[in-house]
Amino acid sequence: LYLPLRYAAEAVGASIAWDSASQTATVTSLEKTAREINLEGVEDPTKLLIVIDIQNDFVTGTLGTKEAEAILPKVQEKIKNWDGKILFTMDTHYANYLETQEGRKLPVVHCARGTWGWEIAEAVKEAYGKEIPAADIFEKETFGSIDLWNAVAALNAERPIEEIQVIGLVTDICVASNSIGLRA
């Protein structure tokens, strides 16, 4: 997997500076207050399941595939049987999507906030068994969610996390980006 450093840094809200004299790149993260993750009612608070971008547009919508549809039963089973905390990400775009860096590379409008395609797939909501709390959903305009990473890091500092499992769609981009960010 090849991912240019500038693109990765800017995608997560960091800045990057190049010093040509020393041939050094410096990445500076923007400090944010991490969102608190509510563990009330969670059987095993040392475990996290992170469900990445299982949204209508990636399942049966504009970028949907038969392969995405085929994983839904396993995703449902994982969610139903998970005894730890479950968090979700949502790919989120706006009216100016085609003008963004991603939109110029992938000129297919998808996951536009407030549309059917943006919503979490019904199969996922059914498996969760109740309304997904807004605080457990991390909307992201880029491949990775720095808000998710910061929230998980803050939780881990407060109460060590023993296991994180990541499942989702667009494995080579969004799942990989978030997995790398969580690892960092």
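If you're wondering where the values come from, they're calculated on a predicted model, not measured in any experiment.

The rules behind the values
- Residues numbered from 1 in each chain as written.
- Predicted model: local features only at pLDDT ≥ 70, side-chain atom pairs only at ≥ 80, totals over all residues.
- Heavy atoms only, no water.
- Bend = angle between axes of the 7 residues up to and from the residue.
- Helix = DSSP H or I, 4+ residues; strand = E, 2+ residues; numbered from the N terminus.
- Buried < 20%, exposed > 50% of the residue type's maximum accessible area, 1.4 Å probe, protein only.
- Expected span 1.5 Å × (residues − 1).
- Contact = heavy atoms within 4.5 Å.
- Phe/Tyr/Trp six-rings, centres within 6.5 Å; stacked < 30°, edge-to-face > 60°.
- Pairing = 2+ DSSP bridges.
- Axes fitted to C-alpha atoms, helices over the stretch in contact; angles between N-to-C directions.
- Core = buried A, V, L, I, M, F, W, Y, C linked by side-chain atoms within 4.5 Å.
- Left-handed = near helix turned anticlockwise from the far one by under 90°.
- Nonpolar A, V, L, I, M, F, W, Y, C, P; charged D, E, K, R; others polar.

What follows is about helix 3 (residues 66-81). Residues that lie three or four places apart on an α-helix share one face, since the helix turns once every 3.6 residues. Helix geometry: helix 3 is bent most strongly at Leu 72, by close to 35°, with proline Pro 73 lying one to four residues after it. Considered for burial, the residues of helix 3 that qualify are Ala 68, Leu 72, Val 75, Gln 76 and Ile 79.

In this model helix 7 (residues 171-183) runs just 16 Å from its N-terminal to its C-terminal C-alpha over 13 residues, more than 12% under the 18 Å that 1.5 Å per residue would give. Inspection of helix 7 places Cys 174, Val 175, Ala 176, Ser 177, Asn 178, Gly 181 and Leu 182 among the buried residues, and these make up the whole buried set. As for helix 7, its buried residues are in contact with strand 3 (47-52), strand 5 (137-140), helix 6 (146-158) and strand 6 (163-168).

What the rule picks out here adds up to one aromatic pair. Ring geometry for Phe 88 versus Tyr 128: centroids 5.5 Å apart, planes at 80°, classification edge-to-face. Taken together, the residues span a long stretch of sequence, with Phe 88 in strand 4 (residues 85-91) and Tyr 128 in helix 5 (residues 122-128) at a distance of 40 residues. For Phe 88, a relative accessible area of 1% corresponds to the buried category. Take Tyr 128: its relative accessible area is 16%, and that puts it in the buried class.

A few words on the sheet that holds strand 6. In spatial order, the strands read 5-4-3-6; together these four strands make up an open sheet with parallel pairing. One side of each edge strand has no neighbouring strand; the edge strands of this open sheet are strand 5 and strand 6. Strand-to-strand twist of the sheet, defined as the mean angle between neighbouring strand axes without regard to direction, takes the value 20°. Of the pairings in the sheet, the one linking strand 4 to strand 5 comprises four bridges and is parallel in character. Considered in strand 5, the bridge of Thr 89 is made with Phe 138. Sheet contacts for helix 6: strand 3, strand 4, strand 5 and strand 6; angle to strand 3, the most-contacted strand, approximately 175°.

As a further point, take the nonpolar core. Nonpolar side chains in soluble globular proteins tend to end up buried together. Ranked by size, the top nonpolar core spans 25 residues in total, and within it Val 51, Ile 54, Ile 79, Ile 86, Phe 88 and Val 124 carry the most contacts. Those elements that place two or more of their residues in this core are strand 3, helix 2 (56-59), helix 3, strand 4 and helix 5. Residues contacting Val 124, with those up to four places away along its chain left out, are Ile 54, Val 75, Ile 79 and Phe 88. With 19 residues, the next largest nonpolar core counts Leu 39, Phe 138, Ile 146 and Leu 182 among its residues.

Mapped onto the secondary structure, Asp 91 falls in strand 4. Note on Asp 91: relative accessible area 2%, which makes it buried.

Attention shifts here to the packing of helix 6 against helix 7. Between helix 6 and helix 7, whose axes approach to 9 Å, the crossing angle comes to 35°. In the packing of helix 6 onto helix 7, the handedness of the crossing is right-handed. On helix 7, the residues touching Leu 148, Trp 149 and Val 152 of helix 6 are Ser 177, Asn 178, Gly 181 and Leu 182. Classifying every residue of the contact of helix 6 with helix 7 by side-chain character gives four nonpolar, three polar and no charged.

Geometric descriptors of this kind do not, in isolation, establish any biological role.
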